Amino acid sequence: MSHTKPRTGLTSGASRVPLRRNANDSTTSSQAAGRLNAIAKIIKDAKSTGRLNLSNCKLTCLPNEMFSDIAGDDSDGLSKKDPNLSLDRSTSDTAWWEVMNLSRVVAADNEIVELDPRIGIFIELVFLDLHNNRLTSLPKELGKLEKLSILNVSGNSLTALPEELFTELPFLSELNISNNKLTSLPTQIGEVATARISLLDASHNKISEIPWELARLTFLTKLNLSHNKLTTLSQVDWNRLSNLLELDVSHNVLKSFFDSKNVTDSTFSSALALFAFPKLVRFDAKYNQLETISENISAPKLKDLILSFNKPPGLKSISSDFLQSCALSLESLDIRDNAFEQLPVEILVCKDLKRLDITNNAISASSIPKLPPELGLLTNLSNFLFTGNPIRGFQNAGSTVRVLKLLRDRIEGEMPPLTIASSVTGNVTTAIDVEVKQQDIATGTLDLSQRKLTDLSRETLVSLKIAPDQVLLANNLLERIPYALLEMYSIRIRSLVLRQNKISEFPNVTLPKLQFFDLSNNKIKFIQADLKADQFPLLSELNLNNNQLQTLPKKIPFKSIGTFLLSGNQIDEIFVPALSELTFLHVLDLSNNNISNVPAELGLVQNIKSLSLEGNPFRVPRRAILDKGTDAVMEYLRDRIPQ
């Protein structure tokens, strides 16, 4: 029987793997034969290891020997059996990949112009790396690789992606499509089949808009959209991406981040416009066209914030809510080459800040007389860059250590430690020394955590000479909010932390500006049913984790709440009508309670984007559904509602 020689075949005779040829290529026939033999050996080894590495082999397509045992494949003139095409063909009809599963293929750094559609035969493939080739398209047969977990097609010339990539690959977790010619992301992204993607790199393309469907990727931890043509990020409901750790949108043409145009009630505007990133660690938005960041962004774990080179005309301000939300975690802030006329005062409370770059801004003696001396109290700051600002008195200061010392020396009238009386006796100290730092006064922060306090007197608060917006009273012995604190500052406090105390009742008080309330690790057994909505009108985040709650009121009074944390209690029922009224609730944590039944109607509460239910005794939804994320759980619940 005669056969047409396959275009991509690597045989023992004259046929070869297509290789790159240059006009001045002086490779001899023996050298070429040696290279072909080396490729043949690589393929032979793969048939025993399940790993194939053909990177940097000057290929223009995949070698035919990868597919030489495919029964019934007549493409390119192949027959069912062709003894000249097999490297180590056995007498058996069993294909080699049925004996040894091919799990990993690397064919990077070649000049492959077309991916052989027969790649779909390797159904056990987990890892496929084709970066730095000349691919202009991908075959739909990639959708047959049902176990594929990692796909790298960066550094090609792709202009579109096959729909099957997002509808047929249930285990795909990492997708790198950077350095291509894509102008958009497909709307199929985030289909159930690819909802588990945790890493998506779409940088260095020509993408001008991202689809709202991106918000379906609730497992996403790293997202790189840098070096594109994005003008806004408003199409996506970012509150759904609650697992995001790193977000890179640098080198675009962004003039704003998120869309808050749906906020219509000015009374609740600061709460309703909340964009919550509860796990975000790194945010890079350098080289854009930002002038101001006005959005109410919450990123309590943010460590690295990069906003440099937003010119012209340059970034001038950052939302106070944004900086306050990350003040306790921020370690590096880069705002160089912008148009700041003064240093954001919220920086002074960033006690863990290690690197601060304000190079080439407009901070001058005319706009502020001097750098805030309280900056010198940031003891962890080891790298402070400020050249290019017309600031007098520091041109020859030298190192960061020297600059900070000069700033500390300028602080007038250091306040002596103050003694706060306490009623605790026995093994607990009856007097506590508190040093109120100038930086705390400047930022309105009263930090009396870990002082073994049972109360605070009016006299004590008056002596502190501070009007706080943020009050930290964690890890004390308080049984209630100190009356004096409420009497003096209830209309000012925006953030109140009472974590790890001995509070047994939810405070029946009025705090009209409170946005963040942490009552976790106390002994609270119930939330009073008679609480009114006007007592906490702006409360957007309430943490009641690890208390003794057994039930929730039938009418929850926190109308602006976006994040409601109730893990580690004894709650045994989910009352859906009460949750349905919380129209701005995005994050609900009911994990580790005593819930035995999850009502199907919960799936109709469409504003919930992050739902945690693990650690409860209910049977359904099963663990497999919970592991798929909030969208899958809500869809499952909706499907259980009787028609």
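Scroll up a little and you will see the structure.
If you're wondering where the values come from, they're calculated on a predicted model, not measured in any experiment.

1. Considerations on the packing of aromatic side chains
Geometrically, a pair of aromatic rings is defined through the distance of the ring centres and the angle of the planes. In the structure shown here, the tally under the stated rule is eleven aromatic pairs. Geometrically, the ring pair formed by Phe506 and Phe536 is edge-to-face, given 5.9 Å between the ring centres and 65° between the ring planes. Separated by 30 residues along the polypeptide, Phe506 in the loop between β22 (495-497) and β23 (516-518) and Phe536 in the loop between β23 and β24 (541-543) bring together distant segments of the chain. Comparing Phe506 with Phe536 shows no difference in burial state: the two are buried. Residue classification places Phe536 among the buried positions, given a relative accessible area of 1%. One aromatic cluster in this structure is built from Phe506, Phe517, Phe536, Phe558 and Phe564. Over the ring of Phe127 we find Arg104; its NZ or CZ atom is 3.9 Å from the centre of that ring. Seen from the ring of Phe575, Lys554 lies directly overhead, with NZ or CZ sitting 4.2 Å from the centre.

2. Remarks on the side chain of Glu141
Summarising the element assignment, Glu141 is placed in the loop between β3 (127-129) and β4 (150-152). Salt bridges are absent for the buried Glu141, whose nearest opposite-charge side chain, Lys144, sits at 5.2 Å. Apart from the residues within four sequence positions on either side, Glu141 is in contact with Pro117 and Gly120.

3. Regarding the state of the cysteines
Here the structure, examined in full by the defined rule, presents zero disulfides. Free cysteine Cys326: the closest other cysteine sulfur is in Cys350, separated by 6.1 Å. Given a relative accessible area of 2%, Cys350 falls into the buried group.

4. Focus on unusual backbone geometry
In most cases, non-glycine residues show a negative phi, while peptide bonds are predominantly trans. Across the junction of Lys311 and Pro312, the peptide omega takes the value -15°, indicating a cis bond. Residue position: Pro312 is located in the loop between β13 (304-306) and β14 (317-318). With an omega of 0°, the peptide bond running from Val620 to Pro621 counts as cis. When you line up the elements, Pro621 lands in the loop between β27 (610-612) and α11 (623-626). A positive phi angle, near 60°, is found at Asn132, a position not held by glycine. For Asn132, the location among the structural elements is in the loop between β3 and β4. Judged by its relative accessible area of 35%, Asn132 falls in the partly exposed class.

5. Quick notes on the nonpolar core
Membership of the largest hydrophobic core comes to 101 residues, with the highest contact counts inside it found for Leu200, Ile210, Trp238, Phe257 and Phe283. The set of elements that each furnish at least two residues to this core consists of α1 (29-49), α3 (164-167), α5 (320-325) and α6 (400-410). Residues in contact with Leu200, not counting those within four places in the same chain, are Leu175, Ile177, Ile189, Leu214, Leu217, Leu220, Lys222, Leu223 and Asn224. Leu448, Leu511, Leu602 and Leu613 belong to the second-largest nonpolar core, a separate cluster that totals 60 residues.

6. Observations regarding the environment of Ile556
Here Ile556 shows up in the loop between β24 and β25 (563-565). When its relative accessible area of 2% is taken as the criterion, Ile556 is described as buried. Ile556 sits 28 residues away from Gln528 along the chain, and the two C-alpha atoms are 9.3 Å apart. Contacts of Ile556, omitting those with residues within four sequence positions, involve Phe564, Ala578, Leu579 and Leu582.

7. Topic: the sheet that holds strand β26 (residues 587-589)
The eight strands are arranged β20-β21-β22-β23-β24-β25-β26-β27 in an open sheet whose pairing can be described as parallel. The open sheet has two free edges, formed respectively by β20 (445-447) and β27, since each of these has just one partner strand. Across the sheet, the axes of successive neighbouring strands diverge by a mean angle of 5°, strand direction being ignored. Note: β22 against β23, three bridges, orientation parallel. Within β23, the position partnered with Val497 by the bridge is Asp518.

8. Things to note about the pattern of salt bridges
Per the counting criterion, the structure on display carries 22 salt bridges. A salt bridge links Lys559 to Glu581, with the shortest nitrogen-to-oxygen separation between them at 3.4 Å. Remark: Glu581 occurs in the loop between α10 (576-580) and β26 and Lys559 occurs in the loop between β24 and β25; sequence separation between them is 22 residues. Overall, Lys559 belongs to the partly exposed group, its relative accessible area being 27%. With relative accessibility at 35%, the residue Glu581 sits in the partly exposed group. A cluster of three or more residues bridged by salt bridges with shared partners is formed by Arg282, Asp284 and Lys286.

About the criteria used
- Residues numbered from 1 in each chain as written.
- Predicted model: local features only at pLDDT ≥ 70, side-chain atom pairs only at ≥ 80, totals over all residues.
- Heavy atoms only, no water.
- Phe/Tyr/Trp six-rings, centres within 6.5 Å; stacked < 30°, edge-to-face > 60°.
- Helix = DSSP H or I, 4+ residues; strand = E, 2+ residues; numbered from the N terminus.
- Buried < 20%, exposed > 50% of the residue type's maximum accessible area, 1.4 Å probe, protein only.
- Lys NZ or Arg CZ within 6 Å of the ring centre and 35° of its normal.
- Lys, Arg positive; Asp, Glu negative; His and termini not counted.
- Salt bridge = Lys/Arg side-chain N within 4 Å of Asp/Glu carboxyl O.
- Contact = heavy atoms within 4.5 Å.
- Disulfide = S-S within 2.5 Å.
- Core = buried A, V, L, I, M, F, W, Y, C linked by side-chain atoms within 4.5 Å.
- Pairing = 2+ DSSP bridges.
- Axes fitted to C-alpha atoms, helices over the stretch in contact; angles between N-to-C directions.

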